[in-house]
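Structure at a glance
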Amino acid sequence: MKSRMCSEKFMRYPNGLCKAAVFSYDDGVAADRKLIKIFDKYGVKGTFNLNSGLFDAQDWNNRLNEDDLFKTFAGCNHEIALHGQKHIYLTKVPLAEAAMEVTLNRLYLENKFKRVVRGMAYAYGAYNDEVVSALKSLGIIYARTTEPSYSFEIPNDWLRLKATCHHNDKRLEEIVDKFFASAPEKEPKLRESLLLNIWGHAYEFDNDNNWDLIEGLCARLKVSGDIWLATLDEVYDYIKAYENLIYSMDGERVINNSAISVFVEVRGKTYEIGAGKEVVFEK
């Protein structure tokens, strides 16, 4: 097969892996604490999309109060992302109000947790072109919708980001099995890396009494050993670093001006392009 390979370049995740998995959970609820313990047990990373103006709404799916939110997420090994200050429909208020909803949410989370917060999930999955344009001006790098893609393709529209599916989707088992069975590195032509992106609300595991679903999936991910377990912002930064590689005219020499190593497969061989390094591919 190697003799048939041409010079196409395929992105590979850290350490040359072909698959990555991310999890995105909304609202900042008491059940997040149990979910974090499961993630940590299996080395899985999560992105938690938090509101910052609903600390007196514990009756709404058992949301965390301000003190408990800080205790739960301060210093954790997971990404903190935006979900709006008060979880409003951004499409049902004037654009300035929608921008303020996101701005106040970002200011609070960044000041409270002493970290830069750049990602987001749309409350109710509501967005439009005006909202997307506003998010760009506010420095938001991605915004997850509630629409399923049912695919593992690398995103090309990060501010209209579709997850693969919700964890309660009736097709979840079929989709997950397909993901684990996939081996892009063994395909003769379609060798693109894959991304599994699952979203939901942790309180749904309590409501549906199916914590075994998420624990089983996390256990499979750990055992597989060939899947990059990352947060959404880590995946975003990695893909952007890959997209910003600088190639020579003939495509045989590449420079990585980013601050992280990037992996690329050419003619069946995987190369690590170190931060600030230049590599020449073997012919």
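Residues numbered from 1 in each chain as written. Predicted model: local features only at pLDDT ≥ 70, side-chain atom pairs only at ≥ 80, totals over all residues. Heavy atoms only, no water.

Focus on the overall build of the chain
Helix and strand content of the chain: 8 helices and 15 strands. Taken over the C-alpha trace, the chain has a radius of gyration of 20 Å; the compact-globule value for 283 residues is 19 Å, and the two agree within 12%. Projecting the C-alpha coordinates of the chain onto the three principal axes gives extents of approximately 65 × 40 × 30 Å. Counting over 283 residues, the chain shows a buried share of 52%. Of the contacts made within the chain by residues no fewer than 6 positions apart, 65% connect residues no fewer than 24 positions apart. Carbon and sulfur atoms make up 49% of the accessible area of the chain, which amounts to about 13500 Å² in all. Across the chain, the mean location of the 37 positive side-chain charges is 5 Å away from that of the 42 negative side-chain charges. (Helix = DSSP H or I, 4+ residues; strand = E, 2+ residues; numbered from the N terminus. Rg over C-alpha atoms; globule rule 2.2 N^0.38 Å. Buried < 20%, exposed > 50% of the residue type's maximum accessible area, 1.4 Å probe, protein only. Contact = heavy atoms within 4.5 Å. Areas by Shrake-Rupley, 256 points an atom, 1.4 Å probe, with all protein chains shown as cover. Lys, Arg positive; Asp, Glu negative; His and termini not counted. Charge placed at Lys NZ, Arg CZ, Asp CG, Glu CD.)

Comments concerning the nonpolar core
Counting 56 residues, the largest nonpolar core has Phe-73 and Ile-214 as its most contacted members. Discounting residues that sit within four places of it in the chain, Ile-214 has contacts with Phe-23, Tyr-25, Leu-35, Ile-38, Phe-39 and Phe-205. Counting 29 residues, the second largest nonpolar core, distinct from the first, contains Val-22, Trp-158, Leu-195 and Ala-230. (Core = buried A, V, L, I, M, F, W, Y, C linked by side-chain atoms within 4.5 Å.)

Quick word on the sheet that holds strand β15 (residues 278-280)
If you walk across this open sheet you meet the 3 strands as β11-β12-β15, and the pairing is antiparallel. Where the open sheet ends on each side, the last strands, each with one partner, are β11 (246-247) and β15. Summarising the sheet, strand β12 (residues 253-255) and β15 pair through 3 bridges and their orientation is antiparallel. The residue of β15 that forms the bridge with Val-254 is Val-279. (Pairing = 2+ DSSP bridges.)

Quick notes on the packing of aromatic side chains
Applying the stated rule across the entire model yields 17 aromatic pairs. A centroid spacing of 5.4 Å and a plane angle of 45° characterise the contact between Phe-23 and Phe-39, whose relative ring orientation is tilted. You can see Phe-23 sitting in strand β2 (residues 19-27) and its partner Phe-39 sitting in helix α1 (residues 31-42), a full 16 residues away along the chain. In terms of burial, Phe-23 and Phe-39 fall into one category: buried. On the basis of an interplanar angle of 55° and a centroid distance of 6.2 Å, the ring pair of Phe-39 and Phe-48 is categorised as tilted. On the accessibility criterion, Phe-39 (0% relative accessible area) is buried. Relative accessible area serves as the criterion here: at 0%, Phe-48 is assigned to the buried category. (Phe/Tyr/Trp six-rings, centres within 6.5 Å; stacked < 30°, edge-to-face > 60°.)

Some details on the pattern of salt bridges
In this structure the tally under the stated criterion is 17 salt bridges. Its salt-bridge partner being Glu-265, residue Arg-12 comes within 2.8 Å of it at the nearest N-O pair. With Arg-12 in strand β1 (residues 9-12) and Glu-265 in strand β13 (residues 262-266), this residue pair connects regions lying 253 residues apart in the sequence. As far as the burial class goes, Arg-12 and Glu-265 line up, both buried. One salt-bridge network, held together by shared partners, links Arg-12, Arg-191 and Glu-265. (Salt bridge = Lys/Arg side-chain N within 4 Å of Asp/Glu carboxyl O.)

Focus: a nonpolar patch on the surface
Where nonpolar side chains cluster on the molecular surface, the patch consists of Trp-60, Tyr-89 and Tyr-124 and spans about 280 Å² of accessible area. Mapped onto the elements, Tyr-124 comes out in the loop between β5 (119-121) and α4 (129-137). Its relative accessible area of 39% is what places Tyr-124 among the partly exposed residues. (Patch = residues over 30% accessible without salt bridge, like charges linked within 9 Å, V, L, I, M, F, W, Y side chains within 5 Å.)

Observations regarding the side chain of Asp-27
Within the secondary structure, Asp-27 is located in strand β2. Within polar-contact distance, the side chain of Asp-27 engages the side chain of His-83 at 3.1 Å. Those residues in contact with Asp-27 that lie beyond four places of it in its chain are Asn-49, Asn-51, Arg-63, His-83, His-87, His-201 and Tyr-203. (Polar contact = N/O pair within 3.5 Å; in protein donor to acceptor, adjacent residues only side chain to side chain.)

Details of the state of the cysteines
On inspection of all chains with the given rule, the structure shows 0 disulfides. The thiol of Cys-76 is not disulfide-bonded; the next cysteine sulfur, from Cys-218, is found 15 Å away. Using a relative accessible area of 16% as the deciding quantity, one classes Cys-76 as buried. Just so you know, Cys-165 is unpaired, no disulfide at all, and the nearest cysteine sulfur is the one on Cys-218, 14 Å from it. Classification of Cys-165 as buried rests on a relative accessible area of 0%. (Disulfide = S-S within 2.5 Å.)

Read these as geometric descriptors, not functional statements.
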